[in-house]
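# Structural features, examined
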Amino acid sequence: MINKNITKLSVSIAMLLAGGTAQAASWDAGDWKLSLGGNVNAFFVNTSCSAGDLKGGGGTMAGLACAGSVDENGAPTDSMSVQNGLLPASLNFSAKTTEDDWDLSANINVYYDINSQGGAGADALAFSTVDARQIFLTAGKKGSGEFKLGRDFGLFGFDPIIADMSLIGVGPNFVSSDPGHTSLGGLGYGYVYTDRLTQINYTTADMSGFKATVGVFQPLDGNGATSSGELGFHGKGTYTKDALTVSATILSQGVNAGGKSETISGTDIFAKYNMGDIDLAGYFYTAEGMTSLAIGGLVLPGFSGAGAPEETTGYMLQATYKTSPKMKIGINIAHSKQDVVTKVENDKTTLGAYYNVTKSLTAMAEFNTMTSDLSGTGEDKSSNINVGAFLGF
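Residues numbered from 1 in each chain as written. Predicted model: local features only at pLDDT ≥ 70, side-chain atom pairs only at ≥ 80, totals over all residues. Heavy atoms only, no water.

### Considerations on the confidence of the model for the protein
Note the cut-off: Values of pLDDT, the confidence the predictor places in each residue, fall between 0 and 100. Two residues qualify as a contact provided that any one of their heavy atoms is within 4.5 Å of a heavy atom in the partner residue.
Per-residue pLDDT for the protein has a mean of 89; in total, 93% of the residues score no lower than 70. In this model, residues 1–22 is a region of pLDDT below 50 whose contacts with residues beyond four sequence positions or in other chains number 85 contacts.

Pasting the structure below:
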């Protein structure tokens, strides 16, 4: 079965992108400040597929939106679903205090699927899934930086998904006939999934707008490779000045593939700029031992049988405009390419409108078109329209 649990992200950032000012509830317990927040979201999604549009065989990014959607004759067909968007529902808990000049926090974020997961059998009486995706602590002193220890999202590929206007929406869909935790958003098209890594990081104090993070993480097995037993390494530099933010990251870990030592590696650069009611964002990455979807490869292999690493590059461009204090519209264009193991190019365009009904509730509609050109085989094409709501608290 295709793994549909593709992305899980912090709801506090999602509420910020929604344009609202909803805040988690907080209260004092002795010397500690406790906070509880979260979100619930749901969308109607109509996905358009036909046999004539799946000339690449249906196993590509664009084709996977149609997986399992067949008519009485077994031919690909359109499908409708009610499901989560790119973010699953969540409950996010934190506890913060200051002791001996150390600022301390503990964070546990649990994510929920609104759809039943019946596995290979029927969905009747099946349960939705519940996962603690972020469990970490932080410890730092003012002027001296901060340590993070535990399970949290990685550094590589984090900024573009946080900036993606579909973070609180849907974007391209994934197996619409049997929805899982999430949709795809721009995953596989303009950026690689950042993943949840068990890690130990250090972030410097702010130095005139610049911060750096370095850390190690528990290595991942790849699709076609196994971890070498050595820790992975990642690092990030971020510079912020007024309305401009620029960041760059690196990631590297050793693997064993095809009877030899290889490396999963990636570098990226991200920038965003605010001009009043207009927000612009751009991103580019290049990587080896990854597909355009995931570190190490997911759905498609990150390494060949002989151990050759996949090579992938991609970019995302986005512009949004606030037409009123409550309304935002936007366009997101993304492209990715794989050159070695599976030679394929993926393109998608998202048009979206997001309306803040209240400071906590956002209603939205998106239209997405996706194309995957599989070298030597043909193109898969699909599209989807989604309408729904996101409530942050």
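Further notes follow.
### So, the pattern of salt bridges
Let me state the cut-off plainly: A pair is scored as a salt bridge if a Lys or Arg side-chain nitrogen falls within 4 Å of a carboxyl oxygen belonging to Asp or Glu. Relative accessibility under 20% of the residue-type maximum defines a buried residue, over 50% an exposed one, and the middle range a partly exposed one, all with a 1.4 Å probe and only protein chains included.
Taken as a whole, this structure holds 8 salt bridges when the rule is applied. Across the pair D28 and K33 runs a salt bridge whose closest N-O atoms are separated by 3.2 Å. For K33, a relative accessible area of 40% puts it in the partly exposed group. Across the pair D195 and R196 runs a salt bridge whose closest N-O atoms are separated by 3.6 Å. Each of the two residues, D195 as well as R196, counts as buried.

### Comments concerning the packing of aromatic side chains
How we decide: Under the pairing criterion, centres of Phe, Tyr and Trp rings, with the six-membered ring standing for Trp, must be within 6.5 Å; the plane angle then separates stacked pairs below 30 degrees from edge-to-face pairs above 60, leaving the rest tilted. Our definition puts a charge over a ring when NZ of Lys or CZ of Arg is within 6 Å of the ring centre and also within 35 degrees of the ring normal.
Under the counting rule described, the total for this entry stands at 3 aromatic pairs. The aromatic ring of F136 is capped on one face by K148, whose charged end is 4.9 Å from the ring centroid. The ring of Y354 has K328 lying over it, and the distance from NZ or CZ to the ring centre is 5.4 Å.

### What about the pairing of strand 2 (residues 32–48)?
To keep it simple, the criterion reads: Here a strand pair is declared whenever DSSP counts at least two bridges between the two strands. Helix numbers and strand numbers start at the N terminus; a helix is a DSSP run of H or I with at least 4 residues, a strand a run of E with at least 2.
As defined by bridge partners, strand 1 (residues 25–29) adjoins strand 2 across 5 bridges and the pair is classed as antiparallel. Following the sheet pairing, W27 is matched in strand 2 by L34. Following strand 1, the chain reverses through 2 residues before pairing antiparallel with strand 2; G30 in that reversal takes a positive phi of roughly 65 degrees. As paired elements, strand 2 and strand 4 (residues 89–99) share 7 bridges and run antiparallel to each other.

### What about the nonpolar core?
Stated formally: Working definition of a nonpolar core: buried Ala, Val, Leu, Ile, Met, Phe, Trp, Tyr and Cys residues. They are joined through side-chain atoms within 4.5 Å.
Core analysis: the biggest nonpolar cluster contains 51 residues, and F156, L187 and M290 have the highest contact counts within it. Looking at this core, the elements that each hand over two or more residues are strand 2, helix 2 (61–64), helix 3 (158–163), strand 12 (244–257), strand 13 (260–275), strand 14 (278–288) and strand 18 (361–374). Every residue in contact with M290, bar those within four places of it in the chain, is listed here: F156, V192, L251, I264, S265, G266, I295, G296, G297, G302, E310 and T312.

### A closer look at the state of the cysteines
Condition: Cysteine sulfur pairs qualify as disulfides if the two atoms are within 2.5 Å.
Inspection of every chain in the model, using the stated rule, returns 1 disulfide. Shown here is the disulfide that connects C49 with C66, its sulfur atoms set 1.9 Å apart. Around the S-S axis, the bridge from C49 to C66 shows a dihedral of about -90 degrees and counts as left-handed. On the criterion of sequence distance, the pair formed by C49 in the loop between strand 2 and helix 2 and C66 in the loop between helix 2 and strand 3 (79–83) is long-range, its members being 17 residues apart. In terms of burial, C49 and C66 fall into one category: buried.

### A closer look at a negative patch on the surface
Applicable threshold: Patch definition: residues with relative accessible area over 30% and no salt bridge; like charges joined within 9 Å; nonpolar side chains (Val, Leu, Ile, Met, Phe, Trp, Tyr) joined within 5 Å. For the area figures, the Shrake-Rupley method with a 1.4 Å probe applies, and any residue is considered shielded solely by the protein chains shown. His is not counted, nor are the chain ends, whereas Lys and Arg count as positive and Asp and Glu as negative. In plain terms, the charge of a residue is placed at NZ if it is Lys, CZ if Arg, CG if Asp and CD if Glu.
Together, D31, E99, D100 and D101 line one region of the surface with negative charge. Inspection of the secondary structure puts E99 in strand 4.

### Comments concerning the environment of R133
Take R133: it is sitting in strand 6 (residues 130–141). C-alpha separation for the pair R133 and N274, spaced 141 residues apart in sequence, amounts to 31 Å.

### Remarks on the side chain of K236
Put simply, the rule is: Two N or O atoms form a polar contact when they lie within 3.5 Å of each other; inside protein one atom must be a possible hydrogen donor and the other a possible acceptor, and for residues adjacent in sequence the pair counts only when both atoms belong to side chains.
By secondary structure assignment, the location of K236 is in strand 11 (residues 232–241). A distance of 2.9 Å separates polar atoms of two side chains, one belonging to K236 and the other to D159. The residues contacting K236, other than those within four sequence positions of it, are L155, F158, D159, K211, A212, T213, S247, A248 and T249.

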